[in-house]
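A look at the structure
Here are the chains, one letter per residue:
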2 protein chains.
Amino acid sequence: MSENLFIHPENYFTQNTPPENLSDIIRNTSDFIAENAKHGIPIVLVTSGGTTVPLENNTVRFVDNFSAGTRGAISAEFFLKSGYSVIFLHRKHSLQPFNRKYATPELGFLDFFTTNSSGSISVKEQYQKSMSSDISLFNNAILQKRLYMPSFISLSDYLFSLREITKLLGKLGSKACFYLAAAVSDFFIPNDQMSEHKIQSSEGELFLKMSQVPKFLKPLVKSWAPRSFVISFKLETDESLLEEKARKSLEKYGHQAVIANMLHTRKFVVWIILNDNIQKPEEIHLTQAQIDQSFEIEDLIIQRIVQLHNSFINSEKSRI
Amino acid sequence: MSENLFIHPENYFTQNTPPENLSDIIRNTSDFIAENAKHGIPIVLVTSGGTTVPLENNTVRFVDNFSAGTRGAISAEFFLKSGYSVIFLHRKHSLQPFNRKYATPELGFLDFFTTNSSGSISVKEQYQKSMSSDISLFNNAILQKRLYMPSFISLSDYLFSLREITKLLGKLGSKACFYLAAAVSDFFIPNDQMSEHKIQSSEGELFLKMSQVPKFLKPLVKSWAPRSFVISFKLETDESLLEEKARKSLEKYGHQAVIANMLHTRKFVVWIILNDNIQKPEEIHLTQAQIDQSFEIEDLIIQRIVQLHNSFINSEKSRI
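No experiment lies behind these values; they were computed from the predicted model shown.

Helix and strand counts for chain A stand at 10 helices and 15 strands. The C-alpha radius of gyration of chain A comes to 21 Å, within 12% of the 20 Å expected for a compact globule of 320 residues. If one aligns the C-alpha atoms of chain A with their principal axes, the spans along those axes are about 65 × 65 × 45 Å. Residue burial in chain A is summarised as follows: out of 320 residues, 56% are buried. Taking the intrachain contacts of chain A between residues at least 6 apart in sequence as the baseline, contacts between residues at least 24 apart amount to 71%. Just so you have it, chain A exposes about 14500 Å², and 50% of that area is on carbon and sulfur atoms.

What follows is the structure, encoded as structure tokens:
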């Protein structure tokens, strides 16, 4: 495999166009970090949802990654509950913390309501209690600047935003946590190889040559946030590859932990693999009783991540 | 171009698996048609949103078609307003009639509400009026069985559902209308050529060979609903191709009309191209004043479609 098939991460940024709202994201992120740092509140960046890669410059078709954003949205709620403030960098229209339960009803949003004869609106009885609690938690998190929710659609929007947010947050050193749960595309079509207009279908077959997306975890860990606590995710469908791929990733990028999970069991079991060659993967799973009570595995995952992050902060302190 | 590159529509159904809920969709559609036919209410099938095609059997990645479902959702509202009942076959989680305005707020669903100190929920003042009207319209349409909303995600789910619904609705003859606004994939990877597990990214480049999706408009017009009123859509990014492609489609499939539109101007201008070689395309566009007042072009489109459908019904009657 010749090396020139691979694109260098920094070259990616010179060959692609940043999202229009990047300067807003930078400004809002700076304000958010300053506000929370003032009160000594730890901050986590949670990335969530899938990135898209266009197949055409005038985009009609794109390759998407399967992800509703469930893991990221629930995790953000538990980070908030654990005292963290959260930058929630998410795929536009994917699930958001607290909103997630109301985002995708079978009969649509309006099914939560009734109106009386005078036209005044009320929430149906069965939803009142949970909705009332979620509205308070969500509105308070926004008002108190504990939650900031920038969004992306394409891979390129995601990567530009990730780089800028990470460089800002990385300045907090060991106190900053990165929880990279977004499902990021592995392949894309470089701008200069993309079809200008909608690909025509009269030719019978379509051949696509896609290039590998540069591995951005490398500059993230080495130079954007070199002293921070970084957790990546590994999702596979073939269990035999899971631990080996997680260990290789830790070896290659040098970050602190990988959360490994299988596509079909990811709501019930995950493994935390730490950056040492000693410990076996830590399994976190729900019991049948917990599953029956709709307990969410992210509750357990975040408890453990917070412990690990605290140990990391303390070990950094003792080193200084 | 050799003919064996193309898959026959009927073969597609033997080579792919129907969605699990297909028998529910068939039963619900039959009931819906019977109920509306009893009251002499005309029925339109509106298809809406994009279909996905998986790149792997254990799906992590898929090719998607750009479509939020805006055209379909708004059109369904205006069909209801014009006295039609609507089967709204839509991409799951794409925009739905009446719900669409509340589906994608920047700050999420819960931003529409406030709670007071006792925990009771109310809708923020600025949304009350429009939301109250939409809740009534939506709930009444569902309760009165004027609106049925089956959904799909993949191309294959869409095609199986489309075939069954069309065969049932086609029995109404000229009184049935088909408004095929969904953005259907043009290319897919046949089951037997698909990767079983998540495609690995260590190889540097990805080559995909995709086959052309069979043209289902052909059996739809020729055999599933041969006496009904069928409108298809053509979306392009290159205007020079638009009319020619619309005319070719009418020639090839023999349906009644194509609504042609350009990706970047589709909210302001469309052209209706009728199945004759005489008339120029009918342009329907919004004036600047209408755009300023957030008038929706679907209002004008559906008014014209209803006229055309009525003429079609009358010409069928006079022929008998």
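Turning our eyes to something else, we now look at the nonpolar core. The biggest cluster of nonpolar side chains holds 92 residues, and the ones touching the most others in it are A:Tyr179, A:Ile305, B:Phe79, B:Tyr179 and B:Ile305. Contact partners of A:Ile305, with chain neighbours within four places excluded, come to A:Phe79, A:Cys177, A:Tyr179, A:Phe229, A:Ile231, A:Ile259 and A:Ile272.

Quick look at the environment of B:Ile135 now. Assignment of secondary structure puts B:Ile135 in helix 5 (residues 128-143). Exposure remark for B:Ile135: the relative accessible area of 0% places this residue in the buried category. Taking the C-alpha atoms as reference points, B:Ile135 and B:Arg247, separated by 112 residues in sequence, lie 41 Å from one another. In this view, B:Ile135 contacts A:Leu110, A:Phe113, A:Thr114, A:Thr115 and A:Ile121; residues no more than four positions away in its chain are not counted.

Right, let's get into the sheet that holds strand 11 (residues 205-212) of chain A. One open sheet accounts for four strands, arranged 10(A)-11(A)-11(B)-10(B); its pairing is antiparallel. Whereas interior strands pair on both sides, the edge strands pair on one side only; in this sheet they are strand 10 (187-188) of chain A together with strand 10 (187-188) of chain B.

Another point: unusual backbone geometry. Backbone geometry follows two general trends: most residues other than glycine have a negative phi, and most peptide bonds adopt the trans configuration. Its identity as a non-glycine residue notwithstanding, A:Lys145 has a phi of 55°, on the positive side. Tracing the backbone shows A:Lys145 in the loop between helix 5 (128-143) and strand 7 (147-148).

Time to look at the sheet that holds strand 2 (residues 52-54) of chain A. Spatial ordering of the open sheet is given by 2(A)-3(A)-3(B)-2(B), a layout of four strands whose pairing is antiparallel. Looking at the sheet topology across the chains shown, the edges are occupied by strand 2 of chain A together with strand 2 (52-54) of chain B. On average, each strand axis in the sheet is inclined to that of its neighbour by 25°, with strand direction left out of account. Pairing of strand 2 of chain B with strand 3 (residues 61-65) of chain B, which is carried by three bridges, proceeds in the antiparallel orientation. The residue bridging B:Pro54 from the neighbouring strand is B:Phe62, located in strand 3 of chain B.

Before going further, it helps to examine the packing of helix 2 (residues 22-38) of chain A against helix 6 (residues 155-170) of chain A. Residue and element names in this part refer to chain A. Put simply, helix 2 and helix 6 touch, their axes get as near as 10 Å, and they point 25° apart. By the criterion of interaxial angle, the relationship of helix 2 to helix 6 is roughly parallel. Classified by chirality, the crossing of helix 6 by helix 2 is right-handed. On helix 6, the residues that touch Leu-22, Ile-25, Ile-26, Thr-29, Ser-30 and Ile-33 of helix 2 are Phe-160, Ser-161, Glu-164, Ile-165, Leu-168 and Leu-169. Residues that form the contact of helix 2 with helix 6 fall into these classes: eight nonpolar, three polar and one charged.

Secondary-structure assignment places B:Ser249 in helix 8 (residues 242-253). In this structure B:Ser249 comes out as buried when scored by relative accessible area, which is 9%.

For helix 10 (residues 297-319) of chain A, spanning 23 residues, the distance from its first C-alpha to its last is 33 Å, which sits close to the expected 33 Å at 1.5 Å a residue. Lining the buried residues of helix 10 of chain A we find helix 3 (70-81), strand 9 (176-180), strand 12 (229-236), strand 13 (257-262), strand 14 (269-274) and strand 15 (282-285) of chain A.

Tallied over the entire structure, the rule returns 31 aromatic pairs over all chains. In this structure, A:Arg163 is placed above the aromatic ring of A:Phe13, and the distance from its NZ or CZ to the ring centre is 3.9 Å.

Residues and elements named next belong to chain B. Among the six residues in strand 14 (residues 269-274), six count as buried, and that is most of the element. Burial along strand 14 is two-sided: Val-269, Trp-271 and Ile-273 and Val-270, Ile-272 and Leu-274, pointing in opposite directions, are all buried. Bridge count for strand 13 (residues 257-262) against strand 14 is four bridges, and the pairing is antiparallel. Bridged to Ala-260 within strand 14 is Trp-271. The turn joining strand 13 and strand 14, which pair antiparallel and follow one another in sequence, is formed by six residues.

Moving on to the pattern of salt bridges. The full count for this structure, using the stated rule, is 30 salt bridges over all chains. Between B:Arg100 and B:Glu296 there is a salt bridge, with the nearest N and O atoms lying 3.0 Å from each other. Note that B:Arg100 is positioned in helix 4 (residues 100-103) and B:Glu296 in the loop between helix 9 (288-292) and helix 10 (297-319), a separation of 196 residues in sequence. Residue class for B:Glu296 comes out partly exposed when judged on its relative accessible area of 25%. A salt bridge links B:Glu164 to B:Arg163; the nearest nitrogen and oxygen atoms lie 3.6 Å apart. Judged by relative accessible area, which is 18%, B:Glu164 ranks as buried. You can call B:Arg163 buried: its relative accessible area is 13%. Each of A:Glu10, A:Arg163 and A:Glu164 takes part in a single network of salt bridges with overlapping partners.

Calculation notes
Residues numbered from 1 in each chain as written. Chains lettered and ligands numbered in written order. Predicted model: local features only at pLDDT ≥ 70, side-chain atom pairs only at ≥ 80, totals over all residues. Heavy atoms only, no water. Helix = DSSP H or I, 4+ residues; strand = E, 2+ residues; numbered from the N terminus. Rg over C-alpha atoms; globule rule 2.2 N^0.38 Å. Buried < 20%, exposed > 50% of the residue type's maximum accessible area, 1.4 Å probe, protein only. Contact = heavy atoms within 4.5 Å. Areas by Shrake-Rupley, 256 points an atom, 1.4 Å probe, with all protein chains shown as cover. Core = buried A, V, L, I, M, F, W, Y, C linked by side-chain atoms within 4.5 Å. Pairing = 2+ DSSP bridges. Axes fitted to C-alpha atoms, helices over the stretch in contact; angles between N-to-C directions. Parallel < 35°, antiparallel > 145°, perpendicular 65-115°, else oblique. Left-handed = near helix turned anticlockwise from the far one by under 90°. Nonpolar A, V, L, I, M, F, W, Y, C, P; charged D, E, K, R; others polar. Expected span 1.5 Å × (residues − 1). Phe/Tyr/Trp six-rings, centres within 6.5 Å; stacked < 30°, edge-to-face > 60°. Lys NZ or Arg CZ within 6 Å of the ring centre and 35° of its normal. Salt bridge = Lys/Arg side-chain N within 4 Å of Asp/Glu carboxyl O.

Nothing here speaks to function; it is geometry throughout.
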